[in-house]
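The primary structure of each chain is shown beneath.
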Amino acid sequence: MKILVTGGAGYIGSHTVAQLCADGYEVAVLDNLYTSCEESIVRLRKITGKDIPLHKADIRVQENVRKVLRDEKIEAIIHFAAYSLVGESMTNPLKYYENNLYGTKQLLEAMIEEKVNKIVFSSTAATYGEPKSIPILETDETNPTNPYGETKLSMEKMFKWTASAHGVRFVSLRYFNACGAHESGTIGEAHNPETHLIPIILQAAAGVRKSISVYGADYPTRDGTCVRDYIHVSDLAKAHVAAVKYLLDGGKSDIFNLGTETGTTVKEVIDAAEKITGKDIKVLYGGRRAGDPAVLTASNKKAREILGWKPEKTMDDIISSAWKWHSKNPYGYKK
């Protein structure tokens, strides 16, 4: 039974490939390598001991996808291939509509033609926008505040109506902050430019940057800084594999939040990083950013009950694994 992972050379995709291999699945990867690196697949082959095929192709070219589905005899797909920078989506929204929406349309048409009818979609809790209650439930209103979240929500709706018309079954997974790295320290988070909090903190600890900026220390939270839901990438990988198994076992189309429900403050993340790295991290505190809610956390009740999934890794686990990766690879996959 072979699973195709689109965007499988990227951060969460590569960790999901590792988990699929660990659980005994055959895996193929389709990635255009625009925002990822072939080196991650090279390292995955060493970690897993498996000759993972990498198809360097773009999902926007439908024949590329159809050929891979045919040649690899794919049973199900996990779909990560999408642009995901919120700030960039605000300044260049059409790039996100063209890649995320048109690419997914081409992928779905290829699936229909090649009779592949199961897909797990890496969505985002940004589909909710600014929530009215915490923790966020799957039944809460969806009102994205940026084109990235809007395109992800539109992709979910595309799956819904395609499922209705063509019998494709899907699972959409909504989550906030993926973080941490593989336990081996061989693959991890590598973005350019880096915009995520934990890599930025660890870059400061490693001396790659002089300081970090924290926006707002006067929020109504336990220490004044924002609370966010941080999920270890290995826990997210397990959720995607659980969702594939759910579909392969006959599960119906559904949407699940992946969260801790409690979250961690920015200051707590910094404190954990200082404790684990043994480094002093210089923090520059500034004013709040417009549109930053005090608390964003997601429920995991539905995922626990139906997928049998819950996050297992602590913030210390997240920082320890990320530090192991960043210490060995301060500039990502660059040699």
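Above this text is the structure in question.
On a predicted model such as this, the values are computed, not experimentally measured, just so you know.

About the thresholds
Residues numbered from 1 in each chain as written. Predicted model: local features only at pLDDT ≥ 70, side-chain atom pairs only at ≥ 80, totals over all residues. Heavy atoms only, no water. Pairing = 2+ DSSP bridges. Helix = DSSP H or I, 4+ residues; strand = E, 2+ residues; numbered from the N terminus. Axes fitted to C-alpha atoms, helices over the stretch in contact; angles between N-to-C directions. Salt bridge = Lys/Arg side-chain N within 4 Å of Asp/Glu carboxyl O. Buried < 20%, exposed > 50% of the residue type's maximum accessible area, 1.4 Å probe, protein only. Polar contact = N/O pair within 3.5 Å; in protein donor to acceptor, adjacent residues only side chain to side chain. Contact = heavy atoms within 4.5 Å. Expected span 1.5 Å × (residues − 1). 1 Å grid on protein atoms, 1.4 Å probe; cavity = no way out; pocket = protein on both sides within 12 Å on 5 of 7 lines; lining within 4 Å. Points joined across faces, edges and corners; volume = space filled by probe spheres on them. Nonpolar A, V, L, I, M, F, W, Y, C, P; charged D, E, K, R; others polar. Disulfide = S-S within 2.5 Å. Parallel < 35°, antiparallel > 145°, perpendicular 65-115°, else oblique. Left-handed = near helix turned anticlockwise from the far one by under 90°.

Overview of the sheet that holds strand β6 (residues 169-175)
The sheet built from seven strands is open, its strands ordered β3-β2-β1-β4-β5-β6-β11 with parallel pairing. Two strands close off the open sheet at either side, each with one partner strand: β3 (54-56) and β11 (254-258). Each strand axis lies, on average, 20 degrees off the axis of its neighbour in the sheet, ignoring direction. Across three bridges, strand β4 (residues 74-79) lies against strand β5 (residues 118-122) in parallel orientation. Bridging across to β5, Ile77 finds its partner in Ile119.

A look at the pattern of salt bridges
Per the stated rule, a full pass over the model turns up 25 salt bridges. Of the charged contacts, one joins Glu141 and Lys132 as a salt bridge, the two residues approaching to 2.9 Å between their closest N and O atoms. A residue is classified by how much of its surface remains accessible, and Glu141, at 48% relative accessible area, is partly exposed. Using a relative accessible area of 74% as the deciding quantity, one classes Lys132 as exposed. Salt bridges linked by common partners bring Glu63, Arg66, Arg70 and Glu114 together as one network.

Quick notes on the sheet that holds strand β14 (residues 295-296)
Sheet architecture is open: three strands sit in the order β12-β9-β14, paired in mixed fashion. This sheet does not close on itself; its edge strands, each paired only once, are β12 (264-265) and β14. Relative to β12, strand β9 (residues 227-228) runs antiparallel, the two being bridged by two bridges. Residue pairing for β12: Arg228 is matched across the bridge by Thr264.

Digging into the side chain of Thr277
Tracing the backbone shows Thr277 in helix α9 (residues 266-277). One polar contact links the side chain of Thr277 to the main-chain carbonyl oxygen of Ala273, over a distance of 2.7 Å. A polar atom in the side chain of Thr277 sits 3.2 Å from the backbone nitrogen of Lys279. If we ignore the near neighbours within four places in the chain, the residues touching Thr277 are Leu202, Ala205 and Trp323.

Here we look at the pairing of β11
Of all five residues making up β11, four are buried, and the element is well covered by its neighbours. Judged from the five bridges that link them, β6 and β11 form a sheet pairing that is parallel. For Arg174, the partnering residue across the bridge sits in β11 and is Asn257.

Examining helix α5 (residues 93-114)
Taking 1.5 Å per residue, 22 residues should reach 32 Å; α5 reaches 31 Å between its end C-alpha atoms and fits that length. Among all positions of α5, only Tyr96, Asn99, Asn100, Leu101, Gly103, Thr104, Gln106, Leu107, Leu108, Ala110, Met111 and Glu114 are buried. Looking at the buried side of α5, the elements it contacts are β1 (2-6), α3 (62-72), β4, α4 (86-91), β5 and α6 (147-166). Just past α5, the residue Lys115 takes up positive phi, approximately 60 degrees.

Notes on the pairing of β1
Consecutive residues of a regular strand have side chains that alternate between opposite faces of the sheet. Of all five residues in β1, five are buried; the element is thus mostly enclosed. Across the two faces of β1 the burial is the same, with Lys2, Leu4 and Thr6 and Ile3 and Val5 all buried. Bridge analysis of β1 against strand β2 (residues 26-31) gives five bridges, and the strand direction is parallel. Bridging across to β2, Ile3 finds its partner in Val27.

Description of the layout of surface pockets
For the second largest pocket, the calculated volume is near 270 Å³. Taken together, 16 residues form the lining of the second largest pocket, with Gln19, His182, Glu183, Ser234 and Lys313 sitting closest to its centre. If you list the elements that add at least two residues to the lining of the second largest pocket, you get α1 (11-22), α2 (38-48), α8 (233-248) and α11 (315-328). If you tally residues by element for the lining of the second largest pocket, the top one is α1, at four residues. Here the lining of the second largest pocket is built from residues that sort into five nonpolar, seven polar and four charged.

Considerations on the state of the cysteines
One pass over the structure, following the stated rule, counts zero disulfides. The structure places no disulfide on Cys37, whose sulfur is separated from the nearest cysteine sulfur, that of Cys21, by 18 Å. No disulfide involves Cys226; its sulfur sits 16 Å from the nearest other cysteine sulfur, which is in Cys179.

Here's the deal with the packing of α3 against α5
At a closest axis distance of 9 Å, the pairing of α3 and α5 adopts a crossing angle of 40 degrees. Classified by the angle their axes make, α3 and α5 are oblique. The two elements α3 and α5 cross, and the hand of that crossing is right-handed. Of α5, the residues touching α3 (which contributes Gln62, Val65, Arg66, Leu69 and Arg70) are Gln106, Leu107, Glu109, Ala110, Met111, Glu113 and Glu114.

Distances and angles like these do not, on their own, reveal function.
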